[in-house]
Amino acid sequence: MRVDIANALAETSPVGVPREALDRLDDRVATAHETIQNGREEDAFGYASLNLPETTDPDAIRAAVAPFADATAVLTVGIGGSALGAATLATALGDDTETYFLDNVDPAHLRSLLDELPLAETAVNVVSRSGTTAETLANFLVVREEMAAAGVDWTERTLVTTGPSGNLRDLAEEYDLPALDVPTGVPGRFSALSTVGLAVPAIAGVDIEGVLAGARSAAADMTGSLFETPAYAYGATLFALDRREASVAAMMPYAESLEPFAEWFAQLWAESLGKDGLGQTPVRALGATDQHSQLQLYRAGPLDKVVTLLRPTTGPDHPIPNADLDGLDYLGGNSLRELLDAEFEATEASLAKSGQPTVTVEIERVNSESLGALLFEMEAACILAGELYDVETFTQPAVEWGKERARQLLRGESAQASDRLVVE
Ligand SMILES: O=P(O)(O)OC[C@H]1O[C@H](O)[C@H](O)[C@@H](O)[C@@H]1O
């Protein structure tokens, strides 16, 4: 990826980062890089995620999904990191195989999804690193029952992706289901480049070898300086802006197929860095659509944000037909991509003019190599930011607390979730 931080500097924005501050921060980046490299060498928890481009075996993934080659639809049952990486890759790069992601326990949604799915032709990938997540297990129990009721042998249509122990591992063993292992040392939100993120894209025709190759080449280019490493330029700039005013990080891709990427990024940034009273609130936006809604706030609201404008610089295009309508002559002779690019550049300029810091991220096109590199580099950016904040990037105690309380409520061990002050 290519990162342009000019509009995040103090020269452009009153809340931007002075160049000297970035120079000073680069010393801390060098130290953080050493910590990250040592962590990678020791395959330490979390840091091991950055070794996935080397350690993930695409052949093992291809072998595990081979029995599902005939599937016309693939349903992922998982949540958070167990769904978002696969959704990002399958949505951006997948073929005609319909991919569905069941990452909520809304009964109405589940009912309509089950009514829509051709169950006999659907492959189900049930994914949980811990093997104990209530939403995932509950959804899977419903899906399994529904398949059985429709006369489909669910044991023939189910792939399990899970860690070494837990309810899901027990289930896989009991029914002798094909299973992929979640690698050790890799938290869910950092698992996009592992079995977790790649199995469903492989069924959907994605070149997962290309994804890993793109990530490997990004990994090979990392040095200890933010001025040489796009991932570190991104992570360090967002961190430095947050230390000033930017408590909000909006991710705005200008490509419909990258919308799930913004969701993936939001989990990565929020769950990794939101600790000890620190962190930056991620917001998901989509260009050009959200220029007609959120942009008003970004331009005229408080200067408490950094907006990441992300775009592929090349891709498919379509000419805009000429229309003999007064006032529309400026469209004729242009293409939809030219219009989208003009919208992107106008937004970049308009935010700069109002002093709102932005970072521009460009990838060459939406393809497997670029996406692999993008996911890897955003993970590296996040890990760097975690080092700079000095937080425990790879844990999520606040989320775990809520999960445990929900289990207690279901078991009847806790009477009430929290105090209430109700107005009706
Ligand atoms: O893969 P699982 O163990 O089911 O976890 C799925 C998700 O659950 C939790 O809420 C964690 O905070 C997330 O980081 C994780 O991605």
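Cut-off values and rules
Residues numbered from 1 in each chain as written. Predicted model: local features only at pLDDT ≥ 70, side-chain atom pairs only at ≥ 80, totals over all residues. Heavy atoms only, no water. UniProt positions renumbered as here; feature names shortened; annotations may be inferred. Helix = DSSP H or I, 4+ residues; strand = E, 2+ residues; numbered from the N terminus. Rg over C-alpha atoms; globule rule 2.2 N^0.38 Å. Contact = heavy atoms within 4.5 Å. Areas by Shrake-Rupley, 256 points an atom, 1.4 Å probe, with all protein chains shown as cover. Lys, Arg positive; Asp, Glu negative; His and termini not counted. Charge placed at Lys NZ, Arg CZ, Asp CG, Glu CD. Salt bridge = Lys/Arg side-chain N within 4 Å of Asp/Glu carboxyl O. Buried < 20%, exposed > 50% of the residue type's maximum accessible area, 1.4 Å probe, protein only. Patch = residues over 30% accessible without salt bridge, like charges linked within 9 Å, V, L, I, M, F, W, Y side chains within 5 Å. 1 Å grid on protein atoms, 1.4 Å probe; cavity = no way out; pocket = protein on both sides within 12 Å on 5 of 7 lines; lining within 4 Å. Expected span 1.5 Å × (residues − 1). Points joined across faces, edges and corners; volume = space filled by probe spheres on them. Nonpolar A, V, L, I, M, F, W, Y, C, P; charged D, E, K, R; others polar. Pairing = 2+ DSSP bridges. Right-handed = clockwise from strand over helix to strand, strands pointing away. Near = heavy atom within 4 Å. Polar contact = N/O pair within 3.5 Å; in protein donor to acceptor, adjacent residues only side chain to side chain. Sits in = over half its atoms within 2 Å of the grid points.

Looking up the protein chain in an unreviewed UniProt entry gives the name Probable glucose-6-phosphate isomerase, with the organism given as Halanaeroarchaeum sulfurireducens. The heading Function (unreviewed entry) in the UniProt record of the protein chain holds the text "Catalyzes the reversible isomerization of glucose-6-phosphate to fructose-6-phosphate." According to the UniProt record, the Catalytic activity (unreviewed entry) comment for the protein chain reads "alpha-D-glucose 6-phosphate = beta-D-fructose 6-phosphate".

Novice: How should I be thinking about the overall build of the protein chain in this particular structure?
Specialist: Looking only at helices and strands, the protein chain features 16 helices and ten strands. For the protein chain, whose C-alpha radius of gyration is 23 Å, the value lies close to the compact-globule estimate of 22 Å for 424 residues. Oriented by its inertia axes, the alpha-carbon framework of the protein chain measures out at about 65 × 60 × 60 Å. Once local pairs closer than 6 in sequence are excluded, the contacts in the protein chain between residues at least 24 apart make up 77%. A total of about 18,700 Å² of accessible surface is found on the protein chain, and carbon and sulfur atoms cover 50% of it. Both charge centroids of the protein chain, one from 28 positive and one from 67 negative side chains, sit 6 Å from each other.

Novice: Looking at this model, I keep getting lost on the pattern of salt bridges. Mind explaining?
Specialist: A pair can form between side chains of opposite charge whenever their charged atoms are brought close. Following the criterion strictly, the structure yields 14 salt bridges and no others. The salt bridge involving E362 is made with R311; its shortest N-O contact spans 2.9 Å. Of this pair, E362 sits in strand β10 (residues 358–363) while R311 sits in strand β9 (residues 305–312), and the two are 51 residues apart along the sequence. Accessibility assignment for this pair places E362 and R311 in one class, buried. Here the residues in one salt-bridge network are R2, R311, D341, E345 and E362, joined through shared partners.

Novice: Would you mind going over a nonpolar patch on the surface with me for this structure?
Specialist: On the surface, a cluster of nonpolar side chains totalling about 320 Å² of accessible area is made up of L325, L328 and Y330. The exposure class assigned to L328 is partly exposed, which follows from its relative accessible area of 31%.

Novice: Sorry if this is basic, but what is going on with the side chain of H33 here?
Specialist: Along the polypeptide, H33 turns up in helix α1 (residues 19–41). By relative accessible area, H33 is classed as buried at 12%. Other than its neighbours up to four places away in sequence, H33 contacts M222, T223, G224 and Y232.

Novice: Honestly, the UniProt feature "active site" (unreviewed entry) in the protein chain in this entry has me stumped. Any pointers?
Specialist: According to UniProt, the "active site" (unreviewed entry) feature falls on E271, H292 and K403. Spanning 133 residues, the named residues do not form one spatial group; their C-alpha atoms are separated by as much as 36.6 Å. From the list above, the largest pocket is lined by E271 and K403. Tracing the backbone shows H292 in the loop between β8 (281–284) and α13 (295–300). Classification of H292 by relative accessible area gives exposed; the value is 67%.

Novice: Any chance you could explain α1 here in plain terms?
Specialist: Along an α-helix, residues three or four apart share an orientation, since each turn contains 3.6 residues. Compared with an ideal rise of 1.5 Å per residue, which puts 23 residues at 33 Å, α1 spans 32 Å between its outermost C-alpha atoms and is within 8% of the ideal. Among the residues of α1, A21, L22, L25, D26, V29, A32, H33, I36, G39 and R40 are the ones counted as buried. Remark: D43 follows α1 within two positions and exhibits a positive phi of approximately 55°.

Novice: Just checking my understanding: could you explain empty space enclosed by the protein for this structure?
Specialist: Rolled over the atoms, a probe as big as a water molecule pinpoints where empty space is left. Here the structure, examined in full by the defined rule, presents one cavity of 30 Å³ or more. There is about 30 Å³ of room inside the largest cavity. Of all the secondary structure elements, the ones that give two or more residues to the lining of the largest cavity are β9 and α14 (336–353). Its residues assigned to classes, the lining of the largest cavity comprises four nonpolar, no polar and three charged.

Novice: When you look at the pairing of β8 in this model, what are you seeing that I'm missing?
Specialist: Side chains on a regular strand alternate between the two faces of the sheet. As defined by bridge partners, strand β7 (residues 248–253) adjoins β8 across four bridges and the pair is classed as parallel. What sits directly across from A250, in β8, is V283. Each parallel crossover has a hand, and the one from β7 via helix α12 (residues 259–273) to β8 is right-handed.

Novice: I would appreciate a short explanation of the site of the ligand in the present structure.
Specialist: By nearness alone, 14 residues border the ligand, and S82, S128, S130, T133 and E271 come closest of all. Separating an oxygen atom of the ligand from a side-chain N or O atom of S130 is a distance of 2.6 Å. At a separation of 2.5 Å, an oxygen atom of the ligand approaches a polar side-chain atom of T133. For the ligand, the accessible surface in isolation is 390 Å², of which the surrounding protein chains cover 90%. Taken atom by atom, the bulk of the ligand overlaps the largest pocket. Looking at the shell around the ligand, its residues break down into two nonpolar, eight polar and four charged.

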